[in-house]
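Breakdown of the fold
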Amino acid sequence: MASAGSTSRAVWAVLTKECRSEWRTRYGLNAALLFAVTTLVTVSFAVGQLPDRTDLLSALLWVVLLFASLASLAHTFVREIDGHTMTFLRLVASPTAIALGKLLFNLLFLLLLEIVIVPLYLLLMGGPAPQWGRFLGLLALGSVALAAATTLVGALIAQTRGRGALFAGVSIPVLLPIFAAAVSGTRAQWEGAAVGGELRLLAAYAAAMLAAGLLLYDHLWED
Amino acid sequence: MVWRILLFAWISVAMVLGFTWAPVVPFLEETTRVIYFHVPAAWVTVVALAWSMVHSILYLRRRDLKHDDQAAAAAELGVMFCLLATISGSLWAKAQWGSYWNWDPRETTIFFLLLVYGAYLAIRGAVEEPAKRARLSAVYSAVAFVAVPFLMFVVPRIHATLHPSPILPAGGESSGGMDPRIRVVFWAMVAGFTALFFWMLSLRIRLGRLERESAA
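This structure is a prediction, so every number in the text was calculated from the model and none was measured.

Regarding its fold elements, chain A presents nine helices and zero strands. The order of α-helices and β-strands along chain A, N terminus first, is α-α-α-α-α-α-α-α-α. For 223 residues, the compact-globule estimate of 2.2 N^0.38 gives 17 Å, and chain A sits close to it at 18 Å. For chain A, the spread of C-alpha atoms along the three principal axes comes to 55 × 35 × 25 Å. Buried positions account for 46% of the 223 residues belonging to chain A.

Residues and elements named next belong to chain B. It is the contact of helix α3 (residues 65–96) with helix α4 (residues 105–125), at a shortest axis distance of 10 Å, that shows an interaxial angle of 150°. Between α3 and α4 lies a crossing of left-handed hand. From α3, A72, A75, G78, V79, C82, A85, T86 and G89 reach across to α4, where they touch I110, L113, L114, Y117, Y120, L121 and R124. Its residues assigned to classes, the contact of α3 with α4 comprises eleven nonpolar, three polar and one charged.

A few words now on the environment of A140 of chain A. The residue A140 of chain A is located in helix α7 (residues 132–157) in this model. With 124 residues separating them along the chain, A140 of chain A and T16 of chain A place their C-alpha atoms 22 Å apart.

Every contact between the two is made by 25 residues of chain B and, on the other side, 28 residues of chain A. At the level of elements, α4 and α5 (130–158) of chain B are the ones that each hand at least two residues to the side of chain B that touches chain A. Looking at the side of chain B that touches chain A, the element that brings in the most residues is α5 of chain B, giving 16 residues. Its residues assigned to classes, the side of chain B that touches chain A comprises 22 nonpolar, no polar and three charged.

A word on α7 of chain A. Taking 1.5 Å per residue as the helical rise, α7 of chain A with its 26 residues ought to reach 38 Å, and the 36 Å between its terminal C-alpha atoms agrees with that figure. Counting buried positions over the 26 residues of α7 of chain A gives 21, a clear majority of the element.

Turning our eyes to something else, we now look at the packing of helix α6 (residues 95–125) of chain A against α7 of chain A. Residues and elements named next belong to chain A. Packing of α6 against α7 leaves a shortest axis separation of 9 Å and a crossing angle of 135°. By the angle between their axes, α6 is oblique relative to α7. Seen along the crossing, α6 lies across α7 with a hand that is right-handed. Of the residues in α7, those in contact with A99, K102, L103, N106, L107, L110, L111, E114 and V118 of α6 are L139, S143, V144, L146, A147, A148, T150, T151 and A155. Counted by class, the contact of α6 with α7 contains twelve nonpolar, four polar and two charged residues.

Residue and element names in this part refer to chain B. Confidence in the prediction of chain B, expressed as mean pLDDT, is 83, and 88% of residues score 70 or more. With pLDDT under 50 throughout, residues 169–176 is counted as low confidence; its partners more than four residues away or in other chains account for eleven contacts. With a pTM of 0.83, the predicted complex shows an ipTM of 0.82.

Quick look at the nonpolar core now. Ranked by internal contacts, the top residues of the largest apolar core, which has 119 residues, are A145, A148, A149 and L152 of chain A together with Y140 of chain B. Element by element, the count of residues in this core is highest for α7 of chain A, at 15 residues. Ignoring anything within four residues of it in the chain, the contact list for A145 of chain A reads I178, L202, Y205, A206 and M209 of chain A.

With that settled, consider unusual backbone geometry. Residue and element names in this part refer to chain B. For R63, which is not a glycine, the phi torsion comes out positive at approximately 55°. Within the fold, R63 resides in the loop between α2 (38–62) and α3. C-beta crowding within 10 Å serves as the criterion here: with 15 such atoms nearby, R63 is assigned to the partly exposed category.

The next point concerns helix α9 (residues 196–220) of chain A. For an α-helix, the turn length of 3.6 residues means that residues three or four places apart are oriented alike. All names here are of chain A. The terminal C-alpha atoms of α9 lie 35 Å apart, and with 25 residues this matches the ideal 36 Å at 1.5 Å per residue to within 8%. The sharpest bend along α9 reaches about 35° and sits at L214. All buried positions along α9 are accounted for by E198, L201, L202, Y205, A206, M209, L210, A212, G213, L216, Y217 and L220.

So, on to the environment of M86 of chain A. All names here are of chain A. Among the structural elements, M86 can be located in helix α5 (residues 86–92). Residue classification places M86 among the partly exposed positions, given that 17 C-beta atoms sit within 10 Å. With 108 residues separating them in the primary sequence, M86 and A194 have C-alpha atoms 45 Å apart. With near-sequence residues (within four places) excluded, M86 lies in contact with E80 and I81.

Definitions and cut-offs
Residues numbered from 1 in each chain as written. Chains lettered and ligands numbered in written order. Predicted model: local features only at pLDDT ≥ 70, side-chain atom pairs only at ≥ 80, totals over all residues. Helix = DSSP H or I, 4+ residues; strand = E, 2+ residues; numbered from the N terminus. Rg over C-alpha atoms; globule rule 2.2 N^0.38 Å. Buried ≥ 20, exposed ≤ 12 C-beta atoms within 10 Å, placed from the backbone. Axes fitted to C-alpha atoms, helices over the stretch in contact; angles between N-to-C directions. Left-handed = near helix turned anticlockwise from the far one by under 90°. Contact = placed C-beta atoms within 7 Å. Nonpolar A, V, L, I, M, F, W, Y, C, P; charged D, E, K, R; others polar. Expected span 1.5 Å × (residues − 1). Parallel < 35°, antiparallel > 145°, perpendicular 65-115°, else oblique. pLDDT = per-residue confidence, 0-100. Core = buried A, V, L, I, M, F, W, Y, C linked by C-beta atoms within 7 Å. Bend = angle between axes of the 7 residues up to and from the residue.

What follows is the structure in structure tokens.
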């Protein structure tokens with residue numbers, strides 16, 4: 001078993017490698033941003049401005065975020081399989097280190113997506129001003145939970161035949177608790193209510209998914 | 001053979017008693033009788049899911065394809081019973097609540113179970129090699145099992161349930177409670193459905209083993 005120091009070095013190496021190879025083509029980021037903006041415009045075009053419908057605003061925000069992330073988060077593993085580089089990567093790092101590196105990369109990726117989507121969403125939909133502390137807390141914890149779950153499912157799906165097509169269908173059952181808690185929390189903060197329960201739920205879910213991932217990644221990549 | 005005939009007779013008698021001997025609950029009226037089919041089907045769904053997940057984890061620990069056969073067969077039967085529970089529940093909801101589907105927490109959780117099973121079977125369909133298929137689907141099974149308790153916890157926070165389960169088993173409710181005759185038929189049907197599930201499971205496993213041996 002590798003020591004903690006060498007594991008964290010390996011995680012960091014995987015993360016920088018992901019960032020570098022993404023930056024070379026920017027294929028994943030461009031596709032995801034394009035997809036996100038298109039979804040956002042479709043939603044906005046379909047429903048117009050909703051200044052006082054906080055129930056719809058919170059649901060649509062997370063639908064847009066969910067679809068944008070589903071369209072892009074399996075990419076990190078699928079790219080390794082398609083490029084036949086997974087075996088090489090596994091020679092130099094443990095499955096857990098690879099997965100954690102890719103998880104951090106996916107988290108960065110989500111952060112970038114949200115920096116573009118969320119302000120644009122608030123602007124286009126004309127919603128009331130959010131309570132920033134709670135709103136950003138929900139977004140942050142929701143993203144961590146989303147990234148933890150989709151990275152795990154993405155690692156699994158990359159080895160199957162369906163890949164892209166399967167990813168959304170297989171992820172959604174696992175993402176449903178995140179989605180439900182995030183939507184109800186976002187709505188509550190717009191209505192001035194407390195969101196402590198939702199935040200705790202998202203944090204607990206993210207922790208449970210991370211723990212499950214740490215236990216299961218070794219099983220995913222052995223043969 | 002004897003067991004099969006006994007099981008057939010057992011379920012038939014319970015069914016007839018459910019329609020003739022057992023009384024109805026006030027408010028629910030004739031729709032009371034759905035509990036002899038709907039609740040046992042839902043119960044078997046949960047048993048099947050738990051069975052499938054336990055064998056998935058056993059597979060990851062022991063790497064024996066026997067456990068994978070068990071997990072896959074239980075999941076397939078689980079889908080069938082889950083569909084039966086969903087359809088009977090939806091029909092009952094139309095009669096009692098006035099709409100086939102309105103995202104009551106029970107409807108949400110059973111829909112979630114259908115999604116999990118569906119995804120599990122989709123993964124199985126997308127991998128050719130038996131050992132790899134067993135490994136990947138077992139991992140998914142474990143991941144989905146993490147999501148289940150959270151969903152049970154999240155959904156009731158968002159919607160209140162109208163599902164009658166809190167009334168029925170209590171027995172001493174002012175609304176009439178559960179008549180002992182209903183209880184007898186109900187538990188007979190639960191036992192019958194459970195036995196039916198394990199019999200079908202053993203058939204499916206034997207079939208799976210034969211398929212694998214003839215392919216090899």
